[in-house]
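Summary of structural features
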Amino acid sequence: DGKGRNSDVLIVYARENAMPDDAAIRGNGTYEDGSGVPRIGAADATKNCDMMNVVLMDNPSGHPQCLALVNNYLSYHVQRWMRVGERGAVDSNLPLRAVSRGYNANGIRSYKSPSENDIRGHWDMLRTYLNSLDSVLEELKPIAERVARDNTVIVMTCNFGQSELLMNFVCAAESRGFDLGNVLVFSTDKETKELAEGLGLATYYDERNFEHIPTKEAGRYGDRAFVAMMYAKVVCVQLINMLGYDLLFQDVDVVWYQNPLPWFKADIQKKELEGKNGNGGVIGNAGHPWDMYFQDDGAHTVRYAPYSANSGFYYVRSNERTRYLFASLLYHGDLIRTTDSHQQTLIALLNEHASLFGLRVKILNRDTPEFPGGWHYHKKNKQFMKSILTGEVTPYIFHMSWTTNKNNKLKFFQQMGEWRVKD
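Since the model is a prediction, treat every value here as computed from it, not as a measurement.

1. What about helix α4 (residues 163-175)?
With 13 residues, α4 should cover 18 Å at 1.5 Å per step; its first-to-last C-alpha distance of 18 Å lies within 8% of that length. Among the residues making up α4, those that are buried are Ser163, Leu165, Leu166, Asn168, Phe169, Val170, Ala172 and Ala173. For α4, the secondary structure elements touched by its buried residues are β3 (152-158), β4 (183-187), α5 (190-198), β6 (246-250), β7 (254-256) and α14 (406-416). Phi turns positive one or two residues past the end of α4, at Gly177, with a value near 85°.

Below, the structure is given as structure tokens:
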């Protein structure tokens, strides 16, 4: 992870015939001779493992933590136990009890069951969606066919309050000579539809499903306008994915330094070639390209574990695994309303679908320069941002996430010299 924390992995072998071939290693790993646990390469350590279960763990709170391996009915979920009461922070005087995986050491619960109001509110929206689905697909299909290139659509959604950011994206892209012919903007109001078309972008406006979405920009993360736009972000991606297209979804607070699509296409082709040539290594994903790629959000907290996927910039291949993922996300609108975040709900589903259906998810390393965002602007060392400004580093994109509202995004883009809209 760039800090040396994850360089070593402890492997426990369930059967003797799964252990490495080297007799000395087998003996040392079975009988402690005082020299400690032997250290060998991953390929040798896993050579005889036909199956391997991987448990990811960290200890962000710093509290004393244990890992118990129990011989029992097989489970692919990690049970979490803490010394807490029905609520409140960790108390070493209390007995261990089972808690949700989103329970923090300070007593904050990242996941709460949706209220009846959230459930019924979601049902109302879902009813409208289902009743209008056939008509929506009939209207959307010819638009997507015109826009798609290499079976790929760049998907964005915007309301009028955020339209200045959309304008900035277009102006910045065109100033660098990028063709935006495969961008499709899902406008949530007529004003944004007209503005986006005036910018030369293809648009789709569905009044039936989007009429409840406010036209003003969000004042802060999680407010009413913000949560309403989360629903639009779910629907637009789910529809394009359902029509059979690969897609790149991005928020409007993004600027391009390079067209990002070739990067994703090249990585997919690389994985396919590795599979054909048989040179993917013992441990890898050769021949099995990732289903989804996400920008690293940067917030590696319990709330976003285990992926910290940023839901404002990601690439999706259309297949049966991703189609069911986004159908499931649509069905979980009540949880989105409860958590004020479709990012949190999406990450929970990524984890579950990876386990249940083999969904392959790749998080783009936040410590590499290709896809930086708000975490880099606010948290990473200042030298990295300076290297972008001086041209020493040329990322593919910059995503102004981790920012309270549109006004702050505008100011920060101005500081970067990336605000192209004139009053």
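2. Quick notes on the packing of aromatic side chains
Applying the stated criterion across every chain, the model contains 19 aromatic pairs. Taken together, a centroid distance of 4.9 Å and an interplanar angle of 5° make the contact between Phe264 and Tyr315 stacked. Of this pair, Phe264 sits in helix α8 (residues 261-277) while Tyr315 sits in strand β9 (residues 309-316), and the two are 51 residues apart along the sequence. We classify Tyr315 as buried; its relative accessible area is 0%. Members of the aromatic cluster, each reached through a chain of ring pairs, are Trp263, Phe264, Tyr293, Phe313, Tyr315, Phe371 and Tyr396. Sitting over the ring of Tyr111, Arg101 keeps its end group 6.0 Å from the ring centre.

3. Observations regarding the pattern of salt bridges
According to the stated counting rule, one finds 21 salt bridges in the structure shown. The residue Asp206 makes a salt bridge to Arg208 at a minimum N-O spacing of 2.9 Å. Here Glu418 ties to Arg420 by a salt bridge, and the two come within 3.1 Å at their closest N and O atoms. The partly exposed category is assigned to Arg420, whose relative accessible area is 30%. Taken together, the shared-partner salt bridges connect Asp291, Arg317, Glu320 and Arg321 into one network.

4. Quick word on the sheet that holds β4
Reading across the sheet, the seven strands line up as β5-β4-β3-β6-β9-β8-β10 and stay open at both edges, with mixed pairing between neighbours. For this open sheet the edge positions go to β5 (202-205) and β10 (361-364), each flanked by a neighbour on one side alone. Strand after strand, the sheet turns through a mean of 30° between neighbouring axes, direction not considered. Pairing of β6 with β9 involves four bridges; the strand directions are antiparallel. Note on β9: the bridge partner recorded for Phe249 is Tyr314. Against the sheet, α4 contacts β3, β4 and β6, and its axis sits at roughly 145° relative to β3. Lying over the sheet, α5 contacts β3, β4 and β5, oriented at roughly 170° with respect to β5.

5. Concerning the pairing of β5
When β4 meets β5, the two strands line up parallel, connected through four bridges. Residue Ser187 lies in a different strand from β5, and its bridge partner there is Tyr205. You can see the chain leave β4, run along α5 and come back into β5, and the turn it takes is right-handed.

6. Let's talk about the nonpolar core
Of all hydrophobic cores here, the largest spans 52 residues; its most connected members are Leu184, Phe186, Leu239, Ile240, Met292, Phe294 and Leu350. If one sorts the elements of this core by residue count, helix α7 (residues 224-242) sits on top with eleven residues. Not counting residues up to four positions away in its chain, the partners in contact with Leu350 are Met292, Phe294, Tyr307, Ala309, Leu325, Leu359 and Val361. If you look at the next biggest cluster of nonpolar residues, it comprises 44 residues, including Leu261, Trp290, Leu364 and Met385.

7. Focus: a nonpolar patch on the surface
Taken together, the side chains of Leu10, Val12, Val37, Val55, Met57, Leu67, Leu69 and Val78 make up a nonpolar region of the molecular surface, amounting to roughly 860 Å² of accessible area. With respect to the secondary-structure elements, Leu10 resides in the segment before α1 (23-30). Leu10 gets classed as exposed once you look at its relative accessible area, which sits at 69%.

About the cut-offs
Residues numbered from 1 in each chain as written. Predicted model: local features only at pLDDT ≥ 70, side-chain atom pairs only at ≥ 80, totals over all residues. Heavy atoms only, no water. Helix = DSSP H or I, 4+ residues; strand = E, 2+ residues; numbered from the N terminus. Expected span 1.5 Å × (residues − 1). Buried < 20%, exposed > 50% of the residue type's maximum accessible area, 1.4 Å probe, protein only. Contact = heavy atoms within 4.5 Å. Phe/Tyr/Trp six-rings, centres within 6.5 Å; stacked < 30°, edge-to-face > 60°. Lys NZ or Arg CZ within 6 Å of the ring centre and 35° of its normal. Salt bridge = Lys/Arg side-chain N within 4 Å of Asp/Glu carboxyl O. Pairing = 2+ DSSP bridges. Axes fitted to C-alpha atoms, helices over the stretch in contact; angles between N-to-C directions. Right-handed = clockwise from strand over helix to strand, strands pointing away. Core = buried A, V, L, I, M, F, W, Y, C linked by side-chain atoms within 4.5 Å. Patch = residues over 30% accessible without salt bridge, like charges linked within 9 Å, V, L, I, M, F, W, Y side chains within 5 Å. Areas by Shrake-Rupley, 256 points an atom, 1.4 Å probe, with all protein chains shown as cover.

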